[in-house]
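A structural walkthrough
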Amino acid sequence: MALNLKPISGTANRVIVEPAAAEEKTASGIYIPDTAKEKPSKGTVVSVSDEDSEGKKPTVKVGDVVLYGKYGGTELPIDGKDYLIMRENDIYAVVQ
């Protein structure tokens with residue numbers, strides 16, 4: 001089911017990201033308890049605003065896998081799933 005939510009235009013370019021799942025075990029096979037898991041800093045863009053207040057189009061697009069700060073964005077729980085809404089300039093890189 002597609003996310004039926006779009007950031008408004010005219011503020012800053014906003015992006016809605018679905019965070020990647022946190023790692024459950026290390027490369028050596030040790031399981032990580034929930035209390036020790038780090039917040040993900042990678043996710044998939046699921047929605048973007050059309051343009052900012054200056055008329056600039058966003059550079060990321062739906063489907064891009066992006067890297068962002070661990071504590072970047074505001075959490076949005078929708079239909080039992082967690083999303084983040086953030087400014088486009090909070091995104092560090094697009095994974096290719």
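Predicted model only: the values in this text are computed from it and were never measured.

Comments concerning the nonpolar core
Val 15, Val 17, Val 45, Val 48, Val 60, Val 66, Tyr 68, Leu 84, Met 86 and Ile 91 form the largest nonpolar core, which has ten residues in total. Those elements that place two or more of their residues in this core are β1 (14-19), β2 (42-48), β3 (65-68) and β5 (81-87).

Points about the sheet that holds strand β4 (residues 74-78)
Pairing within the open sheet is antiparallel, and its six strands lie in the order β4-β5-β1-β2-β3-β6. In the strand order of this sheet, the two ends are held by β4 and β6 (91-95), each with one partner. Averaged over all adjacent pairs, the angle separating strand axes in this sheet is 40°, with direction ignored. Across five bridges, the pairing between β1 and β2 is antiparallel. Bridging from a neighbouring strand, Glu 18 pairs with Thr 44 of β2.

Digging into the pairing of β5
Strand direction decides the pairing type here: β1 and β5, joined by four bridges, are antiparallel. Opposite Val 15, over in β5, you have Met 86 as the bridge partner. The sheet contact formed by β4 and β5 spans five bridges and is antiparallel. Among the inter-strand pairings, Ile 78 is bridged to a residue of β5, identified as Lys 81. Once β4 ends, the chain turns through two residues before running back antiparallel as β5, passing Asp 79 with a positive phi of about 50°.

What counts, and at which threshold
- Residues numbered from 1 in each chain as written.
- Predicted model: local features only at pLDDT ≥ 70, side-chain atom pairs only at ≥ 80, totals over all residues.
- Heavy atoms only, no water.
- Core = buried A, V, L, I, M, F, W, Y, C linked by side-chain atoms within 4.5 Å.
- Buried < 20%, exposed > 50% of the residue type's maximum accessible area, 1.4 Å probe, protein only.
- Helix = DSSP H or I, 4+ residues; strand = E, 2+ residues; numbered from the N terminus.
- Pairing = 2+ DSSP bridges.
- Axes fitted to C-alpha atoms, helices over the stretch in contact; angles between N-to-C directions.

Limitation: the analysis is restricted to geometry and does not speak to function.
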